[in-house]
Amino acid sequence: MYDFLIVGAGLYGAVCARELQDAGKKVIVIDKRSHIGGNIFTEKIEGINVHKYGAHIFHTNDKDVWSYVQRFATFNRFTNSPVANYKGQLYSLPFNMYTFNQMWGIVTPQEAENKIAEQRREISEEPRNLEEQAISLVGRDIYERLIKGYTEKQWGRSCKELPSFIIKRLPVRFTFDNNYFNALYQGIPVGGYTKMVESMLEGIEVRLGIDYLKERLEFDRHVESVIYTGPIDAYYGYSLGTLEYRSVFFENEIYDCPNYQGNAVVNYTDEETPWTRIIEHKWFEFGKDELGNDLPKTVISREYSLEWKPGSEPYYPINDLKNSTLYNKYKALSEKEKKVYFGGRLGEYKYYDMDQIIASAKARVKNLL
Ligand code: UDP
């Protein structure tokens, strides 16, 4: 008999497992995939830790979370500074003085503020959607070149139909600072995320290649409680309807050259380019192997965004009104469960970042003990 079955060996599941086991509980972790790590899984190819399910850059303002992850990995000093490519023209991200200079040729913060103030005048009321929010933050020029095409590709929906909070994730700065995140702490675990999750799961029983929803009856007989980190609607057999997700797929290439694009992340912000961004994985670790040697080859991933369909991998919950309403119905059902707890991006249908996942997993376990 186990005290806890944890369904999903991603970050949420791994933190719950670690905390519960350390508190003396008997824990088992299962995952339907053949590897641990969920979507932060990395795999070494040509000496490069490839982020197989998309770029993950750890960043947080939470001191406790930052010191917690140090137990499981050494973090390097990577700072995310993506470049936007709009029809061959390059712009710095996030929106800052470099971007404003490249967009308008202006030089001082006052000039940038004036320009944006002038362009934001078309939005007179409280922004009701992502388009209005974006124009009110940075003006129409930046919206048209750096936001509209990228966002509509990524979400497969018009910016007029998307919630404004999504664009508020990005900083707007009137300083020369290309750091994509407003976070006190940032970095990539040296040796990859898989190694970090392995370290979290050390000494814990993990079984891979098991689809809980197919083998639920068998497992439930041997466990007191379940922490379920899969999609909440799948848990209930989609009985109230299907939640929508965005999925992504990657075209990976190995090139026999040391430097393909000179940066870890380049976003393609026009409408026509079919991919949203290209990741060149070696730059997450400065193009070097563990011994500090330059790597001769490179691995890139072109990232395409698409609507999730049953059978494919869900990545992003779509927190619009329709889906949030449906999620709340599932949540109400889940609150009636006596021995099943839902957590993580899919279990809570929430656009969580990694640090928030860790904080919420730790809070959950504290609650359970
Ligand atoms: N975004 C954009 N242009 C960019 C990068 C991001 O318009 O070049 C918008 C887009 O709507 C995206 C949101 O900002 O969904 C949040 O971006 P973030 O990088 O946080 O997304 P993630 O890395 O989670 O995919």
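As the structure is a prediction and not an experimental result, all values here were calculated from the model. Positions within a chain are numbered from 1, following the residues in the order the chain's sequence is written. Local features in this predicted model are restricted to residues whose pLDDT is 70 or higher, and side-chain atom pairs enter the listing and the counts only when it is 80 or higher, whereas totals over whole chains, interfaces and linings include all residues. Hydrogens are left out, water is left out, and the side-chain values use all remaining heavy atoms of the structure.

What the seven strands build is an open sheet, ordered S7-S6-S12-S13-S14-S11-S15; its pairing is mixed. Each edge of the sheet is formed by a strand with only one pairing partner; in this case those strands are strand S7 (89-92) and strand S15 (316-317). Two strands qualify as a pair provided DSSP detects at least 2 bridges between them. Going along the chain from the N terminus, every DSSP run of H or I of four or more residues is numbered as a helix, and every run of E of two or more is numbered as a strand. As paired elements, strand S6 (residues 83-86) and S7 share four bridges and run antiparallel to each other. In the strand pairing of S7, Asn85 is matched with Leu90. In this fold helix H6 (residues 140-155) packs onto S6, S7, strand S11 (245-255), strand S12 (265-268), strand S13 (277-280), strand S14 (298-307) and S15, with an angle of close to 70° to the strand it touches most, S14. Two residues form a contact once any of their heavy atoms are found within 4.5 Å. Every axis in this analysis is a line fitted to C-alpha atoms, fitted for helices over the stretch in contact. Angles between the N-to-C directions lie between 0 and 180 degrees.

This next bit is on the side chain of Gln186. Along the polypeptide, Gln186 turns up in strand S8 (residues 185-187). Burial classes: relative accessible area under 20% of the type maximum marks a residue as buried, over 50% as exposed, and values in between as partly exposed (1.4 Å probe, protein chains only). Owing to a relative accessible area of 12%, Gln186 belongs among the buried residues under this scheme. Polar contacts, as counted here, are pairs of nitrogen or oxygen atoms within 3.5 Å of one another; within protein the pair requires one atom able to donate a hydrogen and one able to accept it, and residues that are adjacent in sequence qualify only if both atoms are side-chain atoms. For Gln186, the side chain forms a polar contact with the main-chain nitrogen of Asn80, separated by 2.7 Å. Reaching out from Gln186, the side chain makes a polar contact with the side chain of Asn179 at a distance of 3.0 Å. Setting aside residues no more than four positions away along its own chain, Gln186 makes contact with Ile57, Phe58, His59, Trp66, Asn76, Phe78, Thr79, Asn80, Asn179 and Phe181.

What follows deals with the sheet that holds strand S9 (residues 205-208). Sheet architecture is open: five strands sit in the order S9-S2-S1-S10-S16, paired in parallel fashion. The two strands at the open ends of the sheet, each matched to only one other strand, are S9 and strand S16 (340-342). With direction set aside, neighbouring strand axes in the sheet form an average angle of 20°. Where strand S10 (residues 223-228) meets S16, three bridges bridge the pair, whose relative direction is parallel. Its bridge partner being in S16, Ile227 is matched across the sheet by Tyr341. Running over the sheet, helix H8 (residues 212-220) touches strand S1 (2-7), strand S2 (27-31) and S10 and is turned about 160° from S10.

We now examine the site of the ligand. Working definition: residue near molecule or strand if any one of its non-hydrogen atoms lies within 4 Å of it. The immediate surroundings of the ligand are formed by 17 residues, with Thr151, Arg169, Tyr180, Tyr316 and Tyr351 found nearest. In the environment of the ligand, an oxygen atom lies 2.5 Å from a nitrogen or oxygen atom belonging to the side chain of Tyr180. Between the ligand and Tyr351, the relevant distance is 2.5 Å, taken from an oxygen atom to a side-chain nitrogen or oxygen of the residue. Each accessible area is a Shrake-Rupley result for a 1.4 Å probe, and residues are judged covered by the shown protein chains and nothing else. Here the ligand loses 93% of its free accessible area of 530 Å² to cover by the protein chains. By residue number, the principal contributor to the shell around the ligand is H6, which donates six residues. Across the shell around the ligand, the residue classes tally to eleven nonpolar, four polar and two charged. All residues other than Ala, Val, Leu, Ile, Met, Phe, Trp, Tyr, Cys, Pro, Asp, Glu, Lys and Arg, Gly among them, are scored as polar; the first ten of these are nonpolar and the last four charged.

Turning to the pairing of S10, a few remarks are in order. Burial analysis of S10 places five of its six residues in the buried class, the great majority of the element. Pairing of S1 with S10, which is carried by five bridges, proceeds in the parallel orientation. Each bridged residue has a counterpart across the sheet, and for Val7 the counterpart in S10 is Tyr228.

For the rest of this paragraph, the subject is the pattern of salt bridges. Just to be clear on terms, a salt bridge is a Lys or Arg side-chain nitrogen sitting within 4 Å of an Asp or Glu carboxyl oxygen. Tallying each qualifying case throughout the model produces 25 salt bridges. The salt bridge partner of Lys52 is Glu43, with a shortest N-O separation of 2.8 Å. Between Asp177 and Arg173 there is a salt bridge; the shortest N-O distance is 3.7 Å. Judged by its relative accessible area of 30%, Asp177 falls in the partly exposed class. Sharing partners across several salt bridges, the network here consists of Arg157, Glu244, Arg246, Glu307 and Lys322.

This part takes up helix H7 (residues 193-200). Those residues of H7 not exposed but buried are Tyr193, Thr194, Met196, Val197 and Met200. For H7, the arc enclosing every buried residue in end-on projection is 160°, short of the 170-degree limit, so these residues lie on one face. This arc is taken over the directions from the axis of the helix to the C-beta atoms.

On their own, these measurements won't tell you what the molecule is for.
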